There are 2 protein chains.
Amino acid sequence: MQPESWRSIPLVSRLTAAAKPLARRGFLKLSAALTGSIALGANSGSAEPAPASPPADAPWSQSLGAGVVDRPYGRPADHEAGVIRRNVPWLTATTESSISFSPLQDLHGIITPNGLFFERHHAGRPDIDPDQHRLMIHGLVERPLVLNMKDILRFPQVTRIHFIECAANGGMEWRAAQLNSLQFNHGMISCAEWSGVRLSTLLEEVGVKKQAKWAMVEGADGAHMNRSLPLDKCLDDCIVVYAQNGEALRPEQGYPLRLVVPGWEGNVNIKWLRRIKLGDKPWFSREETSKYTDPMPDGTSRGFTWLIDAKSVITFPCPEKPLDRAGLYEIRGLAWTGNGKVKRVDVSTDGGINWQTARLHEPVLSKALTKFTLPWHWDGQPALLESRVIDETGYVQPTIAQLRNSRGSNSVYHNNAIQTWQIKPDGSVFNVQLA
Amino acid sequence: MQPESWRSIPLVSRLTAAAKPLARRGFLKLSAALTGSIALGANSGSAEPAPASPPADAPWSQSLGAGVVDRPYGRPADHEAGVIRRNVPWLTATTESSISFSPLQDLHGIITPNGLFFERHHAGRPDIDPDQHRLMIHGLVERPLVLNMKDILRFPQVTRIHFIECAANGGMEWRAAQLNSLQFNHGMISCAEWSGVRLSTLLEEVGVKKQAKWAMVEGADGAHMNRSLPLDKCLDDCIVVYAQNGEALRPEQGYPLRLVVPGWEGNVNIKWLRRIKLGDKPWFSREETSKYTDPMPDGTSRGFTWLIDAKSVITFPCPEKPLDRAGLYEIRGLAWTGNGKVKRVDVSTDGGINWQTARLHEPVLSKALTKFTLPWHWDGQPALLESRVIDETGYVQPTIAQLRNSRGSNSVYHNNAIQTWQIKPDGSVFNVQLA
């Protein structure tokens, strides 16, 4: 197992073991200067020998802090003010029809906190009164119904951890590496614990007519954003969700009600859900004809490409989190697949010539982010870091060259290519595409 | 399985099937008045027949919402302003040495969002500069070390979902049922995904001397809150944590660094962790002598009672979430144990005479909250709801009478008794203790 590789490296500053002798002498010198003073504020990035006596008290250790009623609903530390969702102003005409990217470079684990879950709106974030909100289920059903939020809360509840990824995540990469950033290249994926009612439970309540084969799901936003979903998927694992990571959905995530379509592209996970209509064929809505289709080299377009294929990315190191100096590191990343569970993640440090199997961290859940790690002794030389996921169906994450070979270069959506991070001798990290 | 019981009840308003005929006629009349108008705002709490045409547009469906950069870090909907942590002013002398309770009545699933995780401070919430923060490890070690946050982030990372419960949760119940509230009786438990470094990894780095048997762990708050921990527990599953539910710890949860001691009482999970000293015996600190001990009937006190024994509680219905009217409901609740995994939860609706086995929801994780549900057809008569957990060691959650028989009634801590909710014919719910 991987932790052994960490332990196999001699002790006494494993953290700096690979540094050049001069640099290491410098480090020890600096450390000596720090001895006995833990509140100096010099952030050497290196383990310091311990002082002989207990640490001197910092100001916050010599006074009373704030009381428990000061923040009835908490917020992050002021020192974390840079950990925010960000948008790309030139990407869309207005911010109401735009995207905010999740700061993956600052996140750990598989849960995305609600305040940092990526957003994609088509007509902005509506402010809905939950007492006024209704969900209508009609069309090819036996007993059409209109449900209010209290009704929906009474149905049997399920809770599941699932990722949601926008189909356009990494879309700017199809032609060339454009943004030197983990946040902007991969930040349209997040993962949360969702609670709600199985869509199959609601459809059983209304009674599905035999002719029904499709469902049109529609939001209450100004765009009336809607998509067609095959009935089989609706009955399989879709959830009509009212809670995310324990609490009510946030407004930007569909408050008070949204659809979660596990493993399928973000835009079918309709937010502010107000209507489900069953029919015998798809609706061919705007978002499944003029958008969210994949132009192919022969001039045709693929449609209804809902599935999120297996994908992975190294989240440390990354452009926003470079390496300090040579030494032992832990490569960390996330993998996911709309097909079910992640089976294996391999990591290369030489641009895909040699691969090592990374450690997967429990829990490995279906259609959820899976965390992987691999210890890595960086020798200070140039390196090319890549991760490659294999899911439980045997699907292997492709290279961008393989994707281009099959789909050309006019695509925007469904780029699940292997990401390459180039490490330079100074430890900086760059987004590159290998030939 | 339980979902079948829901399905076994005839269709056509399962939601109202058990209502008295008159009430039901009243409901249908009201529904008819609502036909075709989903934006009327009358919240009948009942499924309405569908209107013939699509729902009329509410104001938020006819306008642009807010843009994606409006809230770079999100917050809950304004309509959820009542979902907050609350304290009990008379419980402690000051708010800096107090508790805020998590609103379990409004939460779903097993993850507590960071903004609602319960708090317990001994000297308030310090505001620590992470660049200045240090962790010193010394005492009976080969190579004492002072680590800064950058150092700690470089060590191999683990991510685990664990609950933390204050030993005093339910403490007010020892003598009598005092507060008619789920939030105040059980709200000192929360559960999150924690990321950090195994304490065993850090102890291996410093080298544990053979004589070492205990660790003193100390916070950087004004109280210098500290506790003694057996070395075996430190080496087993303790984590030095910097991230909670993906993002950096919140200040009130120990930013930038805390200890998580899975399955053990909250106060040993030292926040704002600044020092770990190894020794050959416990320190007998204030918080393990004058506090956090259990006075027994014979005048002695139990000490070092760290373990959280198995416990469960029904979170719906509860005093804050009464029943509307007779009909089919889903009883929902949470179970946990410091011993490992929850094995089974039984639910009684008649005060413990008859029991039914509830459904446990995946994932069932060690030392984490586990969700359970059971469909229940309430006939409108008085009822006494209880849940009882059995953990993987075979430990069975006791009644309050059993606890009093063994520990008397002078205890404050470690009340893991079965909770009884009394349901009155009007659907209201009361906290009662059975003789």
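These numbers were taken from a predicted model, which means no experiment stands behind them.

Quick notes on the rules
Residues numbered from 1 in each chain as written. Chains lettered and ligands numbered in written order. Predicted model: local features only at pLDDT ≥ 70, side-chain atom pairs only at ≥ 80, totals over all residues. Helix = DSSP H or I, 4+ residues; strand = E, 2+ residues; numbered from the N terminus. Buried ≥ 20, exposed ≤ 12 C-beta atoms within 10 Å, placed from the backbone. Pairing = 2+ DSSP bridges. Core = buried A, V, L, I, M, F, W, Y, C linked by C-beta atoms within 7 Å. Contact = placed C-beta atoms within 7 Å. Domains from an automatic or database assignment. Nonpolar A, V, L, I, M, F, W, Y, C, P; charged D, E, K, R; others polar. Least-squares fit on C-alpha atoms with pLDDT ≥ 70 in both. Arc of directions from axis to C-beta. pLDDT = per-residue confidence, 0-100.

(A) Local environment of the overall build of chain A. A tally of regular secondary structure across chain A gives 7 helices and 24 strands. When the 435 residues of chain A are sorted by exposure, 53% land in the buried category.

(B) Fine view of the sheet that holds strand 21 (residues 370-378) of chain A. Residue and element names in this part refer to chain A. Overall, antiparallel pairing links the 4 strands, which are arranged 16-17-21-20 in an open sheet. This sheet does not close on itself; its edge strands, each paired only once, are strand 16 (311-316) and strand 20 (359-360). Pairing of strand 20 with strand 21, which is carried by 2 bridges, proceeds in the antiparallel orientation. Counterpart to Leu360 in the pairing with strand 21 is Phe372.

(C) Structural context of the nonpolar core. In this structure, Ile239(A), Val240(A), Ile239(B) and Val240(B) are the most contacted members of the largest nonpolar core, which totals 208 residues. The contacts of Val240(B), once residues within four sequence positions are left out, are Ile152(B), Gly196(B), Val197(B), Leu199(B), Leu202(B), Leu257(B), Leu259(B) and Leu273(B).

(D) Broad picture of the domain arrangement of chain A. All names here are of chain A. Here chain A is described as being made up of domain 1 (89-300) and domain 2 (311-432). For domain 1 and domain 2, the distance between their C-alpha centroids amounts to 27 Å. If you look at the interface, domain 1 gives 31 residues, while domain 2 gives 28 residues. When contributions to the side of domain 1 that touches domain 2 are tallied by element, the ones reaching two or more residues are strand 6 (158-165), helix 4 (182-186) and strand 14 (294-295).

(E) Representation of the sheet that holds strand 18 (residues 342-348) of chain A. Residues and elements named next belong to chain A. Pairing is antiparallel across the open sheet formed by 5 strands, whose spatial order is 19-18-22-23-24. Each edge of the open sheet is held by one strand with a lone partner, namely strand 19 (356-357) and strand 24 (429-432). Note that strand 23 (residues 420-423) and strand 24 share 4 bridges and pair antiparallel. In the sheet register, Thr420 faces strand 24, and the bridge partner there is Val432.

(F) Molecular detail of the interface of chain B and chain A. Every contact between the two is made by 115 residues of chain B and, on the other side, 115 residues of chain A. The biggest single contributor to the side of chain B that touches chain A is strand 5 (residues 145-148) of chain B, with 4 residues. Tallied by class, residues from the side of chain B that touches chain A come to 49 nonpolar, 36 polar and 30 charged.

(G) Here's a closer look at the pairing of strand 10 (residues 239-244) of chain B. All names here are of chain B. With 6 of 6 residues buried, strand 10 is to be regarded as a mostly interior element. Summarising the sheet, strand 7 (residues 189-198) and strand 10 pair through 5 bridges and their orientation is antiparallel. Its bridge partner being in strand 10, Ser195 is matched across the sheet by Ala243. Note: strand 10 against strand 12 (residues 258-260), 3 bridges, orientation antiparallel. Note on strand 12: the bridge partner recorded for Ile239 is Val260. Bridge count between strand 10 and strand 11 (residues 247-248): 2 bridges; the pairing is antiparallel. Within the sheet, the bridge partner assigned to Gln244 lies in strand 11 and is Glu247. The antiparallel pairing of strand 10 with strand 11 creates a hairpin that spans 2 residues between the two strands, and Asn245 there sits at a positive phi of about 50°.

(H) Molecular detail of the relation of the copies chain B and chain A. The two copies are related by a screw motion: chain B maps onto chain A through a turn of 180° and a shift of 0.0 Å along the axis, at an RMSD of 0.0 Å. Viewed as a symmetry operation, the transformation between the two copies matches a two-fold axis. Across chain B, the rotation axis passes nearest the C-alpha of Pro113(B), at a separation of 3.7 Å. Of the interface residues in chain B, 100% have counterparts in chain A that sit at the interface too, so the contact is made through matching surfaces.

(I) Local environment of the environment of Val345(A). All names here are of chain A. Structurally, Val345 can be placed in strand 18. Residue class for Val345 comes out buried when judged on the 27 C-beta atoms lying within 10 Å of it. In the structure, Val345 is positioned 29 residues away from Leu374 in sequence and 10.0 Å away in space, judged by C-alpha atoms. The residues contacting Val345, other than those within four sequence positions of it, are Ser312, Ala335, Ala358, Leu360, Phe372, Ser387, Arg388 and Val389.

(J) View of helix 5 (residues 199-206) of chain B. Residue and element names in this part refer to chain B. Considered for burial, the residues of helix 5 that qualify are Leu199, Leu202, Leu203, Glu205 and Val206. Projected onto a plane normal to the axis of helix 5, the buried residues spread over an arc of 155° and lie on a single side. Contacts made by the buried residues of helix 5 are with strand 4 (134-139), strand 5, strand 7, helix 6 (231-236) and strand 10. Positive phi shows up at Gly207, right after helix 5, with a value of about 80°.

(K) Just the confidence of the model for chain A, in detail. Residues and elements named next belong to chain A. Of all residues in chain A, 87% attain a pLDDT of 70 or more, and the chain-wide mean is 89. A low-confidence stretch, residues 1-45 stays under pLDDT 50, and its non-local contacts, those more than four residues away or across chains, total 73 contacts. As scored by the predictor, the complex reaches a pTM of 0.91 and an ipTM of 0.90.

(L) Fine view of the environment of Ile390(A). You can see Ile390(A) is positioned in strand 22 (residues 383-391). With near-sequence residues (within four places) excluded, Ile390(A) lies in contact with Lys343(A), Arg344(A), Tyr395(A) and Val396(A).

(M) Fine view of unusual backbone geometry. Residue and element names in this part refer to chain A. Cis rather than trans, the peptide bond between Glu362 and Pro363 has omega equal to -5°. On the secondary structure map, Pro363 appears in the loop between strand 20 and strand 21. Of note, the phi angle at Lys367 is positive, near 55°, even though the residue is not glycine. Residue placement: Lys367 occurs in the loop between strand 20 and strand 21. Taking the number of C-beta atoms within 10 Å as the measure of exposure, Lys367 has 24 and is therefore buried.

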